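The chain contents come next:
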Amino acid sequence: MTAGDLVTAEHLSKWYGQVIGLNDVSVTVPAGITGLLGPNGAGKSTLMKLVTGQLKPSKGSLTVLGEPIWRNPALYRRIGFCPEQDAFYDRMTGLEWVTALVRLNGATDALAGAMAGRALEMVELTDAAHKKIGAYSKGMRQRVKMAQALAHDPDLLILDEPLAGMDPIARRKTIRMIKDWGRAGKGVIVSSHILHEIESMTANILLINQGRILAEGNVHQIRDLIDEHPHTVHVRADQTRALAREFLGHDDVLSLKFEEGAVVVQTGRPDAFYTRLTDLAASGEHGAIHEVTSPDDNLQAVFQYLVKS
Amino acid sequence: MTQPARPAEGAPGLLSSAGRVFDLSLGQMLWSRRSVFLGVLLGGPVLLASALRIAATLYASGLKINGVQAGGSAIFGMMIWLLYLRFIVPVLGVFYGTSLIADEVDDKTITYLFTRPIPRSAVLLGKYFAYLVCTVLLVLPSVMLVFFLVVPTGQGAIAGAFPSLVADLGMLAIGLAAYGAVFALVGTTLRRPLVLGLVFAFGWEPAVLLFPGYLKRLTVAYYLQALVRHEMPQDSAVSMLMQVFREVPTVSTSLLCLAVIVGLTLWLAGRAVEEREYVLEQ
């Protein structure tokens, strides 16, 4: 752990009765933007709730910005949280709601109003500030949630599925805002089950599934980690059977199967496989090779790959 | 990117935080479906009072109970005790008190309050104050209307009875405070708080009050009845019923006990909220 770490968990576990929400997680979240990735039910929300002090660890320790978070309300002065749930006081206007919440951070009425106004401006909701939240679209509701999280200028912003329901333009603006926030020296932990969203914000990710951290670190490091695992390549070609016979002559090919007009190969040494494949395509020895794709070429596949392993 | 200014350091204290939660909660509570429903319920005594007033106008002899003429003040006193203190106030206490935190949990808005630099007990306290103001605002017009409709019947005088109206309103506020605090504790500590609250208010309390002994001291009604100042008509079923409650503590003892009940139950409820994990359903 270093002084700038946002979150440090050591052997952290959380049980809901007999159900394990998080299982013996030890992880350090460094300064900057970190993406938390995992499918629904992976333990993302449990980890988020522990990190935001809504749940008490069943076992292990957890510190946020260097302090335990459970029953430490003073720490919320430095934390902004945008929860996943679409829940509001619908009868209030956006400005009233954000102002009321900022007042809970100790701001005077006048300051709270000014801070809420600025936060709504940052999420581009100034025009709708005096509208009732009940009349907001899903995207606007997401943005007003963001506004209440960042209005008090927290050191750490924790965002649970912040892009859900946003239109593409709002999504792009929000991603830019989160990146700006990180560039301004603030810590951001953002969760999602959609990898390209996270990839667009940060290269530093945590992969979580079934209550365990599967991998952590830089996207590229995680890709390296993936390379140690079987790698799937989808080859669309004219003579798939001839190609299959050629592939089976090499011990790095672990398995293969046929699909319509294609052969799908699993290899233990992708670099060597791609080199041979390029040579085969150049020679035309087994007919034309039309397309080579790998589900591992995007983060979604990387994630699914690790989750399955 | 323009960064918003940060509030000055130093977390607001418990009461200051509770005040801010109160500001946030009062409007929500006043305009909730629950308030509309209970507002309708509070129209019941007004309808009854209207019927009594019409009957008194049509029949000059006024209202008689077991052949004895009942004055407007006495009827008003009966309504305060039997309708408001023994029925409406506990109902308001049960429905609002048990849901102070539960509503926020059900609506999934509790997260916004519990991730702020204020003690969780301040959330409970602020919502409790909002409950008090909300219920007093609901009860006040109903009682006032009943007073003006009923007291003039049977040769009663509004001017003479007005001081007792003020005392009755104070008593109702004390009742709301006590029942609200008790049911806030029930709501924060027990499962099925609404059912248990109703059992307490309409099962335990009436049953225990009928029997001599110490058990009745484990009710709120026992202390509230000492605050009832109205004289009831004699030789009637109601007066017989009131005889059962003759064993009452002094006003000062009752006020002290009610203050202890409010303070203790709120403190325990606050502790429960501080310790408890609230898992929102996804």
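Residues numbered from 1 in each chain as written. Chains lettered and ligands numbered in written order. Predicted model: local features only at pLDDT ≥ 70, side-chain atom pairs only at ≥ 80, totals over all residues.

*Asks:* Would you explain the sheet that holds strand 7 (residues 156–160) of chain A in this entry?
*Replies:* Strand pairing within a sheet occurs via backbone hydrogen bonds; the two strands may be parallel or antiparallel. All names here are of chain A. Strand order in this open sheet of 6 strands is 6-7-8-3-9-10, and the pairing throughout is mixed. The open sheet has two edge strands, strand 6 (79–82) and strand 10 (212–218), and neither has a second partner. Each strand axis lies, on average, 15° off the axis of its neighbour in the sheet, ignoring direction. As paired strands, strand 6 and strand 7 are joined by 4 bridges and run parallel to one another. (Pairing = 2+ DSSP bridges. Helix = DSSP H or I, 4+ residues; strand = E, 2+ residues; numbered from the N terminus. Axes fitted to C-alpha atoms, helices over the stretch in contact; angles between N-to-C directions.)

*Asks:* What's the story with the pairing of strand 1 (residues 7–16) of chain A in this structure? I'm lost.
*Replies:* All names here are of chain A. Where strand 1 meets strand 2 (residues 19–29), 7 bridges bridge the pair, whose relative direction is antiparallel. Across the sheet, Thr8 pairs through a bridge with Thr28, a residue of strand 2. Between strand 1 and strand 2, which pair antiparallel one after the other, the connecting turn spans 2 residues, and Gly17 there sits at a positive phi close to 65°. Sheet topology places strand 1 next to strand 4 (residues 59–64); 5 bridges connect them, and they run antiparallel. Residue Glu10 lies in a different strand from strand 4, and its bridge partner there is Ser61.

*Asks:* Would you mind showing me how to read the environment of A:Lys145 here?
*Replies:* When you line up the elements, A:Lys145 lands in helix 4 (residues 138–150). C-alpha separation for the pair A:Lys145 and A:Pro162, spaced 17 residues apart in sequence, amounts to 8.6 Å.

*Asks:* Looking at this structure, I do not really get the interface of chain B and chain A. What am I missing?
*Replies:* The accessible area lost on association of the parts is a frequent measure of interface size. Taken together, the contact between chain B and chain A spans 35 residues of the former and 37 residues of the latter. Among the elements that make up the side of chain B that touches chain A, the one with the highest residue count is helix 1 (residues 14–30) of chain B (6 residues). Each residue belonging to the side of chain B that touches chain A can be placed in one class, and the counts come to 17 nonpolar, 10 polar and 8 charged. (Contact = placed C-beta atoms within 7 Å. Nonpolar A, V, L, I, M, F, W, Y, C, P; charged D, E, K, R; others polar.)

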